[in-house]
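Given next are the chains, with one letter for each unit.
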Amino acid sequence: MKIRNILKRENINISFEVFPPKTEVGYEKILNANKEISKLNPAFISVTYGAGGGTSKNTANIAAYIKNELGVESLAHLTCVSSTKEEVREVIQHLKSFGIENILALRGDIPKGQAFPVAAGFRYAYELIEEIKKHGDFSIGAACYPEGHVENKHKVDDIHYLKQKVDCGVDFLTTQMFFDNDIHYNFLYRIREAGITIPVLPGIMPIISEIQMKRSIELSGTVFPRRFLSMLDRFGDNPNAMMEAGIAYATDQIIDLLANGVKNIHIYTMNRPQVAEKIMGNITEIIKC
């Protein structure tokens, strides 16, 4: 089922994100994690992309397993930063052969020391979106950045480029992680004013360690509110306490979003089914309202 149709449903849609293993050794472990996550009845599960070959093939394989073996709709990420146009086309055909109907189109982060763009490659996400549209009736998603993309100095530029992507045929947007819901609400206001009306799925990441927090800052430049930093300072040295606190913080964000009329939420699970399960247990009755 195409995600653009899933998001038209009146009920609340909770989706999850997983990532492929960096080596083949962890492949079965990821399949088992997906099996546990599928039991939480998600609207869909998205699978990130291992750029530049190697584990990238596992994105399609895992997405196919989720859809065809677990019976849950899947969303395959596709990045173009390290691939030629021909390589991208091969991946699209591979996804199509597995019956994958949904693709999240991303430029991807430029690897350190790599020339960009690669020879005969795509430079921007909108070019990738245009290419995907040529190969079938996929439901296409794209990324957006409530706090602004780290490569753009001005938020106005961010929204201009986002509108360009959307106008190429994007059905829905998924936000980068954020930890202050007011940032998300402000972002929604600004993009709606710019004429972007498609569904936006807020991306929520339960932070359960200081290492994870530092990695989040490195990747997205996200700002952590003072109350989150206080939580980290108090519980960061106790893994069990920090996990509990991080889950509680993410739950609080989700409840606030739901209370303010948001009905589609995407949770970055970091391949931890127990975290996803605890969050869903915290909102079982709320999502029935």
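Analysis parameters
Residues numbered from 1 in each chain as written. Predicted model: local features only at pLDDT ≥ 70, side-chain atom pairs only at ≥ 80, totals over all residues. Heavy atoms only, no water. 1 Å grid on protein atoms, 1.4 Å probe; cavity = no way out; pocket = protein on both sides within 12 Å on 5 of 7 lines; lining within 4 Å. Points joined across faces, edges and corners; volume = space filled by probe spheres on them. Helix = DSSP H or I, 4+ residues; strand = E, 2+ residues; numbered from the N terminus. Nonpolar A, V, L, I, M, F, W, Y, C, P; charged D, E, K, R; others polar. Buried < 20%, exposed > 50% of the residue type's maximum accessible area, 1.4 Å probe, protein only. Polar contact = N/O pair within 3.5 Å; in protein donor to acceptor, adjacent residues only side chain to side chain. Contact = heavy atoms within 4.5 Å. Phe/Tyr/Trp six-rings, centres within 6.5 Å; stacked < 30°, edge-to-face > 60°. Pairing = 2+ DSSP bridges. Right-handed = clockwise from strand over helix to strand, strands pointing away. Axes fitted to C-alpha atoms, helices over the stretch in contact; angles between N-to-C directions. Parallel < 35°, antiparallel > 145°, perpendicular 65-115°, else oblique. Left-handed = near helix turned anticlockwise from the far one by under 90°.

Chemist: Sorry if this is basic, but what is going on with the layout of surface pockets here?
Modeler: One water molecule sets the probe size; rolling that probe over the atoms shows where empty space is left. Taken as a whole, the second largest pocket spans an internal volume of roughly 320 Å³. Breaking the lining of the second largest pocket down by element, the ones donating at least two residues are strand S1 (13–18) and helix H11 (273–282). For the lining of the second largest pocket, a count of residues per class yields 10 nonpolar, 6 polar and 2 charged.

Chemist: Sorry if this is basic, but what is going on with the side chain of Lys67 here?
Modeler: For Lys67, the position within the fold is in helix H3 (residues 56–69). On the basis of relative accessibility, which here comes to 18%, the residue Lys67 falls in the buried class. Reaching out from Lys67, the side chain makes a polar contact with the side chain of Glu73 at a distance of 3.2 Å. Every residue in contact with Lys67, bar those within four places of it in the chain, is listed here: Met1, Val72, Glu73, Ser74, Gly99, Ile100 and Glu101.

Chemist: Help me understand the packing of aromatic side chains, please; the structure alone is not making it clear to me.
Modeler: Each pair of aromatic rings is reported with the distance of its centres and the angle of its planes. Tallied over the full model, the rule gives 5 aromatic pairs. Ring centres of Phe224 and Phe228 lie 4.8 Å apart, and the angle between their planes is 35°; this geometry places the pair in the tilted category. Neither Phe224 nor Phe228 differs from the other in exposure class; each is buried. By way of ring pairs, the aromatic residues Phe179, Phe224, Phe228 and Tyr249 are connected into one cluster.

Chemist: Sorry if this is basic, but what is going on with the pairing of strand S9 (residues 264–268) here?
Modeler: Note on strand geometry: in a regular strand, side chains alternate between the two faces of the sheet. Most of S9 is tucked away, with 5 of its 5 residues classed as buried. Covered by surrounding structure in S9 are Asn264, His266 and Tyr268 together with Ile265 and Ile267, the residues of both alternating faces. Pairing geometry for S1 and S9, over 5 bridges, is parallel. Across the sheet, residue Glu17 finds its bridge partner in S9, namely Tyr268. Pairing of strand S8 (residues 203–204) with S9, which is carried by 2 bridges, proceeds in the parallel orientation. Of the residues in S9, the one forming a bridge with Ile204 is Ile267.

Chemist: Any chance you could explain the pairing of S1 here in plain terms?
Modeler: Among the 6 residues in S1, 6 count as buried, and that is most of the element. Neither face of S1 is open: one carries Asn13, Ser15 and Glu17, the other Ile14, Phe16 and Val18, and all of them are buried. Examined bridge by bridge, S1 and strand S2 (residues 45–47) share 3 bridges and lie parallel to one another. Counterpart to Glu17 in the pairing with S2 is Ser46. Each parallel crossover has a hand, and for S1 linked through helix H2 (residues 27–38) to S2 it is right-handed.

Chemist: For this particular structure, what's the right way to read the packing of helix H10 (residues 239–259) against H11?
Modeler: Packed helices, taken two at a time, are described by the angle their axes make and the gap between the axes. At a minimum axis distance of 10 Å, the contact between H10 and H11 shows a crossing angle of 50°. Judged by the angle between their axes, H10 and H11 are oblique. In terms of crossing hand, the pair formed by H10 and H11 is right-handed. Together, Met243, Ile247, Ala250, Thr251 and Ile254 of H10 and Gln274, Val275, Lys278, Ile279 and Asn282 of H11 make up the contact between the two elements. Residues of the contact of H10 with H11, tallied by class, amount to 6 nonpolar, 3 polar and 1 charged.

Chemist: Looking at this structure, how should I read the sheet that holds strand S6 (residues 172–175)?
Modeler: Where strands meet in a sheet, backbone hydrogen bonds hold them as pairs that are either parallel or antiparallel. Read from one edge to the other, the open sheet built from 9 strands follows the order S7-S6-S5-S4-S3-S2-S1-S9-S8, with strand pairing classed as parallel. Across the chains shown, the open sheet's two edge strands, defined by having one partner strand only, are strand S7 (200–201) and S8. One ladder, built from 3 bridges, connects S2 with strand S3 (residues 74–79); its direction is parallel. Residue pairing in the sheet places Val47 in a bridge with Ala76 of S3.

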